[in-house]
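Examining the three-dimensional arrangement
Residue strings, one per chain:
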Amino acid sequence: MSLEQFQQTFKRLEAEVQKVIVGHDDVIRKILIAFFAGGHVLLEGVPGLGKTLLVKSLSQAFGMSFKRIQFTPDLMPSDIVGTEVLSENSGRREFQFKRGPIFAHVVLADEINRATPKTQSAVLEAMEEKQVTVFGESHILESPFIVLATQNPIELEGTYPLPEAQLDRFFFKLLVAPPAPAELKEILKRTTGTVTGEVSKVLPEDSGQLVGEMQKLLRQVMIAPPIEDYVVRLVHATQSDGANGGRSSVKQYVRFGASPRGAQAIILGAKGNALAENRVHVSYEDVERIVYPALRHRIILNFQAEAENITTDQVIGEVLKHVPKN
Amino acid sequence: MRDSRPSSHEGPENLVLRLVAQLSRHVLWDSLLICVPPAAAMMYVVVVLFRFAWLTQLAALLTAVFVLALFAITVFLRRHPLIPTIRGTARLVDERSGARDHFLTLATIDPANQPASFLMRLRQQTAVFLERVELKRDFPYRFKRSAYWSLALSLAAAILIHALVPMAYSARHSANPQERLRDIAQKMAAKPHLRPIAKELEALATKLDDPKISPDEKRSLAQKIEQKIEEQSKKEEQKDDRNMLGDASSALSGVEKQQQLSSGQDQQKQQQKGGGGIQSNVPQDGQGENKQSQGGSGESKGESSAQLGQEKMDQGKSAQPNPKEQGQDKNQGGDAKNNQNQPDPNQPSKDPSKEKTGKTEGGSKDGAGKQQASAEPPPQGGPPADRFYKSGEGKEGLGPKGYVTVQLPEDIVADTKGEGRPTKESKNNRARTQIPVSNVPLPAHVPNAPTEKQQVPIEYRGILR
């Protein structure tokens, strides 16, 4: 896989999804970056913004298997990962593993916060380990494997907010914003007419190997030691007991800061962003662009922040403002 | 791939390295420009202190070395944290050229751990930005404001020292010539051929401190050494040595003057003790002593008296001094010859010891208002207006000499008229008489001289008009 091939593929994927999805260019790019970085994405937005359509379009562009799981409170882990069922085969009865919807390249976990923590944890284990264990037997998931979970930020009744440990397993948390008037007009034009956009398959049939090479290439992107140091300072600054956590906003509103996974996500995401912008090295700008989706769900605010309507993005903004680049 | 085209790919890294070197030089210049003026000022202070003998040669040398060491340490400490790093410099180049951390990445990554294709691509991308940077144009040296401040403050300090040290030196040495002699002796001791003179100066300084040695003796010693110094000075070829000998000579001259002054004061004291009494033919408390000045010329005494009178005036004392002073002034200011020529026939002569006692007693009793006054007749010969000038005044204003006017007690006045010792009754009945008495020599009395109209005294002119 050459650099040019990567960039060509990346651009085509973007373009294909943009055929269907109006606006959300940044969200599309970051989902692709997360995909090639080997991470999973949590999409947060009110209903009707096209989250599900976005994920479907992506899976179509990837040309990979796609499964959607609608999370409800009565959803069981076995409904996701699969279960052993008794089956008769040539007069002989035996338990056979019935694979759940998690066995797909692209899995859409729609409204993930509506399922019970037990079910959520089954998915999140699969996300992290890329395998599931049923009745003592481990089953390897598809590769590449990406979970795109969605959650509704407003309808919180009857929901089970994801625990912090499980949130940490998402590479990015992307906020899907309502479309701008021009975008909305374009959406109407595309969806209410007779001609609708069709997403073409970009990746070949056996795309697993290709995606693997692209993921490897992304990790080869160069990052200067000063930028690595900057990422470390940033992550450290989000911790209320950190050296730079002395910042009043962090100390005042943050209960738990970002984990090392946050730093990993920043660097990998920055590398993906650099590649997407036709560069082979990470710049400070890449870091600043990636730090919000990478840390947003990893910083846990305290009660005071909730009471004062302080968001994690505001805290990250303060940290970015105060952490020196050199 | 990197090795295949090394020359074309070394540009960006070299640019950063060259900029690091250039900025390091800038930092060095900054440090020097800030630190050199204070160091120079301190060195100047050391030189000035050495010149004025506040520091010995060794101390000056050590201080100079210390200043230089301090300067070097300060420059190092100031420069060290400001030396630009490759990271910082690369970022500067990135900012200047608009590159997105291309130079930073290229300057800081380890090429060995990077894929060759990526490295080559990075170099190619960076080379595009290379043309946008020109070191001399984009990173010129600029004088910092701190350098100007340092220069101005150091200059001010040097000027201040330049003005203050000589003042302090002169104040110190004018107060104590022995110290000056010792300093000069110390300087001379450093030169082998001047050591004998240095020793003599040292000895003289020691003798000057000794109160047992008379001022005349000290003066003569100083004169002898001065002569030697003059002889030595003629032989000297080096300018510094000549200057040093000149300093010593001037110091000795100062010592001589000082000793001369103190010698004069001693003589005066002796005169006052021995015979310098109130020059009056008026008996003191009926003792009828005729006290005459003894020893010393009348002129010199008059001078010293005038000096004292001047000092008193300067001190804000009234023009009418206390009776004791009046007596002394009169006595000292009077011409000895004149006094001898005008003996008071009413006063029996006394032996000198009595005179001395009488003077002392008279002095002690003066406070009671029993004054001794000269029995001279009132001045009649001179122009009358002269006698009404205030003490020290003349026609031309304040004059070098002054006179005092005393109001004599009536019993003394009576005595001067030959009435003998006054009784209580006579005291009550007598009218008070004010006799102007002057220590200014009066012109000879001409009996039939035409009387001139007496002018109104100066102090009343304004009132009468």
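Here's a quick rundown of the structure.

**Thoughts on the overall build of chain B**
Broken down by element type, chain B carries 19 helices and 2 strands. Counting only contacts in chain B whose residues sit at least 6 apart along the sequence, the fraction spanning at least 24 positions is 73%.

**What about the environment of Lys199(B)?**
Summarising the element assignment, Lys199(B) is placed in helix H10 (residues 195–209). Sequence separation between Lys199(B) and Arg182(B) is 17 residues; the distance between their C-alpha atoms is 9.5 Å.

**Concerning the interface of chain A and chain B**
Across the contact, 13 residues belong to chain A and 16 residues belong to chain B. Only helix H9 (225–237) and helix H12 (284–295) of chain A provide two or more residues apiece to the side of chain A that touches chain B. For the side of chain A that touches chain B, the leading source of residues is H9(A), giving 3 residues. Among the residues making up the side of chain A that touches chain B, the classes are represented as 8 nonpolar, 4 polar and 1 charged.

**Considering unusual backbone geometry**
Residues and elements named next belong to chain A. Cis geometry is adopted by the peptide bond preceding Pro144, which originates at Ser143 and carries an omega value of 0°. As for its position among the elements, Pro144 is in the loop between strand E7 (137–140) and strand E8 (146–151). Positioned with a positive phi, His24 is a non-glycine residue whose angle comes to about 55°. Inspection of the secondary structure puts His24 in the loop between helix H1 (3–20) and helix H2 (25–37). Taking the C-beta count within 10 Å as the criterion, His24 has 23 such neighbours and is therefore assigned buried. Positioned with a positive phi, Lys130 is a non-glycine residue whose angle comes to about 60°. Its location among the elements puts Lys130 in the loop between helix H5 (117–129) and strand E6 (131–134).

**Things to note about the packing of H12(A) against helix H14 (residues 312–322) of chain A**
All names here are of chain A. At their nearest, the axes of H12 and H14 sit 10 Å apart, and the two run at 145° to each other. Here the hand of the crossing between H12 and H14 comes out right-handed. Facing H12, whose interface residues are Glu288, Val291, Tyr292 and Leu295, H14 presents Asp313, Ile316 and Leu320. Residues of the contact of H12 with H14, tallied by class, amount to 5 nonpolar, no polar and 2 charged.

**Re the pairing of strand E5 (residues 106–110) of chain A**
Residue and element names in this part refer to chain A. Across the 5 residues of E5, 4 count as buried, placing the element largely inside the fold. In terms of strand pairing, strand E2 (residues 66–70) meets E5 through 5 bridges, oriented parallel. Opposite Arg68, over in E5, you have Leu108 as the bridge partner. The pairing of E5 with E8 spans 4 bridges and is parallel. Opposite Val106, over in E8, you have Ile146 as the bridge partner.

Reading the values: rules and limits
- Residues numbered from 1 in each chain as written.
- Chains lettered and ligands numbered in written order.
- Predicted model: local features only at pLDDT ≥ 70, side-chain atom pairs only at ≥ 80, totals over all residues.
- Helix = DSSP H or I, 4+ residues; strand = E, 2+ residues; numbered from the N terminus.
- Contact = placed C-beta atoms within 7 Å.
- Nonpolar A, V, L, I, M, F, W, Y, C, P; charged D, E, K, R; others polar.
- Buried ≥ 20, exposed ≤ 12 C-beta atoms within 10 Å, placed from the backbone.
- Axes fitted to C-alpha atoms, helices over the stretch in contact; angles between N-to-C directions.
- Left-handed = near helix turned anticlockwise from the far one by under 90°.
- Pairing = 2+ DSSP bridges.

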